[in-house]
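Now for the letters of each chain:
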There are 2 protein chains.
Amino acid sequence: QCGSASWYALSSKTASGERMNASLMTAAHRSLPFGSKVKVTNQRNGKSVVVRINDRGPFIKGRVIDLSKAAASKLGFVSSGHAPICISKSS
Amino acid sequence: QCGSASWYALSSKTASGERMNASLMTAAHRSLPFGSKVKVTNQRNGKSVVVRINDRGPFIKGRVIDLSKAAASKLGFVSSGHAPICISKSS
């Protein structure tokens, strides 16, 4: 699945009930089960990261996944705010 | 209006179309017009801040307003993540 990613931070709990920690490799996806792991690849630079789904969203057309700031940092798009990505299942 | 506040950060655009800037005094409210200003007072320590509404939310029962990190910092609840607050109209 390919599309766009952005990053976000919350002081409150995520939809899974877990409190967000901006330094963990986590993400929000509309339908994947909480706890499942996904490999996200930045199509602009080829960098990839494995994130654990612990929240719901994004609720914007064309946006596939919303990442923690730490995950966005690994993919190199903290300052630009969004990136073209593809995601695939990870074990 | 009294209830709970939390803080959040986005790399993407807010519902008003403005990009979020964590260092500005902004907030998300379910119904107040974009651009309106609201005084938010932390019931725990009496500190207050005036914020400009530029986003929609929060979509959690009992939560009245979601603030930028800078606004939460002024109210002294960045580390705790949430606070009991009251809001009132500001000019």
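See the structure shown above.
Predicted, not measured: the structure shown is a model, and the values here were computed from it. (Residues numbered from 1 in each chain as written. Chains lettered and ligands numbered in written order. Predicted model: local features only at pLDDT ≥ 70, side-chain atom pairs only at ≥ 80, totals over all residues. Heavy atoms only, no water.)

Visitor: Please set out the state of the cysteines residue by residue, giving values where relevant.
Guide: Residues and elements named next belong to chain A. Under the counting rule described, the total for this entry stands at two disulfides over all chains. Across the disulfide, C2 is cross-linked to C86 (sulfur-sulfur distance 2.0 Å). One quick way to see it: the torsion about the S-S bond of C2 and C86 is about 105°, and its sign makes the bridge right-handed. Of this pair, C2 sits in strand β1 (residues 2-10) while C86 sits in strand β6 (residues 82-89); the two residues are 84 residues apart in sequence, bridging distant segments of the chain. For C2, a relative accessible area of 52% puts it in the exposed group. With relative accessibility at 17%, the residue C86 sits in the buried group. (Disulfide = S-S within 2.5 Å. Helix = DSSP H or I, 4+ residues; strand = E, 2+ residues; numbered from the N terminus. Buried < 20%, exposed > 50% of the residue type's maximum accessible area, 1.4 Å probe, protein only.)

Visitor: Any details on the interface of chain A and chain B? Residues and values, ideally.
Guide: Contacts between the two partners involve twelve residues from chain A and, on the opposite side, twelve residues from chain B. Taking both partners together, chain A and chain B bury about 900 Å²; carbon and sulfur atoms supply 45% of that area. Our count for the chain A to chain B interface comes out at zero salt bridges. At the surface where chain A touches chain B, the tally comes to nine residue pairs in polar contact (both at pLDDT 80 or more). Sorting elements by how many residues they give to the side of chain A that touches chain B places β1 of chain A first, with five residues. Counted by class, the side of chain A that touches chain B contains four nonpolar, six polar and two charged residues. Inspection of the sheet shows β1 of chain A paired to strand β1 (residues 2-10) of chain B by three bridges, in the antiparallel sense. Its bridge partner being in β1 of chain B, Y8 of chain A is matched across the sheet by L10 of chain B. (Contact = heavy atoms within 4.5 Å. Buried area = accessible area lost by both parts, 1.4 Å probe. Salt bridge = Lys/Arg side-chain N within 4 Å of Asp/Glu carboxyl O. Polar contact = N/O pair within 3.5 Å; in protein donor to acceptor, adjacent residues only side chain to side chain. Nonpolar A, V, L, I, M, F, W, Y, C, P; charged D, E, K, R; others polar. Pairing = 2+ DSSP bridges.)

Visitor: Describe in detail the pattern of salt bridges, supporting the description with residues and values.
Guide: Residue and element names in this part refer to chain B. In this structure the tally under the stated criterion is four salt bridges over all chains. With its nearest N and O atoms 3.0 Å apart, the salt bridge here joins E18 to R52. You can see E18 sitting in the loop between β1 and β2 (26-28) and its partner R52 sitting in strand β4 (residues 48-55), a full 34 residues away along the chain. On the basis of relative accessibility, which here comes to 26%, the residue R52 falls in the partly exposed class. D66 is paired through a salt bridge with R63; the nearest N and O atoms lie 3.9 Å apart. Judged by its relative accessible area of 11%, D66 is buried. Taking relative accessible area as the criterion, R63 reaches 12% and is therefore assigned buried.

Visitor: Go over the packing of aromatic side chains with me, naming the residues and quoting the values.
Guide: Counting across every chain of the model gives zero aromatic pairs over all chains. A cation over a ring is seen here: R56 of chain A above F34 of chain A, with NZ or CZ 4.2 Å from the ring centre. (Phe/Tyr/Trp six-rings, centres within 6.5 Å; stacked < 30°, edge-to-face > 60°. Lys NZ or Arg CZ within 6 Å of the ring centre and 35° of its normal.)

Visitor: So what's going on with the pairing of strand β3 (residues 37-42) of chain B? Residues and values would help.
Guide: Residue and element names in this part refer to chain B. A one-sided burial pattern is seen for β3, the buried positions being V38, V40 and N42 and the unburied ones K37, K39 and T41. Of the pairings in the sheet, the one linking β3 to β4 comprises five bridges and is antiparallel in character. Within β4, the position partnered with V40 by the bridge is V49. Hairpin connection between β3 and β4: a loop of five residues separates the two successive antiparallel strands, and G46 in this loop has a positive phi of roughly 75°.

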